[in-house]
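Chains, contacts and geometry: an overview
If you want the building blocks of each chain, they are given just below.
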Amino acid sequence: MKAPRFHTIARGMLCLVMTVMAGCVKIQPTSPPVISKRIQMHMGTLVTVTAVASDKNVSDRAIQAAFDEVKRLEQLLSTWRSDSELSLVNAEAGRRPVQVSRETLQLVIRSLEIAELTHGGFNIALGPAVEAWSVTERQHIPEKEELRRLKPLVDWKSIQVDSERRTIYLPHKGMRIDVGGIGKGYAADRAVEKMKQAGAMGGVVALSGDIKTFGVVPERRGFPVGIRHPRQEGALIAMIDLTDEAISTAGDYERFFERDGVRYHHILDPQTLQPARACQSVTVIAKEGMVADGLDTGIFVLGPEGGMALVERLPEVEAIIIDGEGKMIVSSGLRDRLRTP
Ligand code: ADP
Ligand code: MG
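Being a predicted model, the structure only gives us computed values, none of them experimental. (Residues numbered from 1 in each chain as written. Chains lettered and ligands numbered in written order. Predicted model: local features only at pLDDT ≥ 70, side-chain atom pairs only at ≥ 80, totals over all residues. Heavy atoms only, no water.)

This part takes up the overall build of the protein. Broken down by element type, the protein carries nine helices and 18 strands. A principal-axis box enclosing the C-alpha atoms of the protein has dimensions of 70 × 45 × 35 Å. Long-range contacts, defined here as pairs at least 24 residues apart, represent 64% of the contacts in the protein between residues at least 6 apart. Separation between the mean location of the 44 positive side-chain charges and that of the 43 negative ones in the protein comes to 3 Å. (Helix = DSSP H or I, 4+ residues; strand = E, 2+ residues; numbered from the N terminus. Contact = heavy atoms within 4.5 Å. Lys, Arg positive; Asp, Glu negative; His and termini not counted. Charge placed at Lys NZ, Arg CZ, Asp CG, Glu CD.)

Pasting the structure below:
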């Protein structure tokens, strides 16, 4: 399978309302901050980088640094390039442990932590089942027997990580790791760090719906972000101002096909290997993009009750869940922060 999760087309599930921002740049006598924005295609999706800086040189440099970092991570983490570290780990499944960089090791460890938190709702070993469904390409409804045979291959608990030796071992041939489910959030985190190093005083990195914000926004409290209505194309259910926070949405409307009136979408319940049914969309706000990106998928699988209970337990994590019937549930820390669109 090529580019399982990175090859998606941006659907703007979170609409970054940065066009509004353009109107914020006012010519003032005392050198006002400059806001620049650029869009490129990476990780199979539209990447929008916005920088606030003291002058145009700095904002341009910060934006370039962000794109360079996203490109670097695309190479490091992709499993559709046969020479990436994770591709090697996958190729040696059932044979031997493979040594990886600290960064890859850390990302896998963090992914497994999110798997633990969500009781396996988020699962980086799910690739074989994702491929069996192939929601964006073949649109195949697999037989129960086919899915049953895949079960041992998607067992994330069997992934062996040796932190001392820096190795990862997949004990069954046919297993594979794919960090695409948190890769975009992670890339947003790293790109923001590069923008800060380049001297930006604020900004946004948005990989489709995985968005990370930081620093100051001239004349506003935060960067305005819209949260999409899961059933009304183009409509928003809420707006929120963010800064120094990340936001990510998992929705059953992003990639799906319909057969005999049933919607088959791309987020699978690792227990049943069927599309998860308890939610229409889950939006998570967290300090780190990686956490928001991993948790949204995991909570989507857990469902509104278990998912919201987890969110309320975790510090600095908030969520907006649209349940299977379309009802909106908002975590306690967000109730005063949402605006009507
Ligand atoms: P994207 O931002 O590309 O839509 P997400 O972060 O929403 O990616 O993750 C969804 C993708 O992760 C799916 O397209 C699929 O490849 C994979 N996936 C599906 N179900 C799960 C799951 N339960 N845990 C982890 N990854 C999953
Ligand atoms: Mg996700």
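Next comes the rest of the description.
What the eight strands build is an open sheet, ordered 2-3-7-8-11-16-17-18; its pairing is antiparallel. Strand pairing shows two members of the sheet lacking a second neighbour, strand 2 (34–42) and strand 18 (328–330), which therefore form its edges. Here the strands of the sheet are splayed against their neighbours by 10° on average, with no regard to which way each runs. With two bridges joining them, strand 8 (residues 210–215) and strand 11 (residues 246–251) adopt antiparallel strand pairing. For Lys212, the partnering residue across the bridge sits in strand 11 and is Ala246. Running at roughly 155° to strand 16 (residues 279–286), helix 8 (residues 289–302) makes contact with strand 8, strand 11, strand 16 and strand 17 (317–323) of the sheet. (Pairing = 2+ DSSP bridges. Axes fitted to C-alpha atoms, helices over the stretch in contact; angles between N-to-C directions.)

For helix 8, with 14 residues, the first-to-last C-alpha span of 20 Å sits near the 20 Å given by 1.5 Å per residue. When you tally the buried positions in helix 8, you get twelve out of 14 residues, the bulk of the element. (Expected span 1.5 Å × (residues − 1). Buried < 20%, exposed > 50% of the residue type's maximum accessible area, 1.4 Å probe, protein only.)

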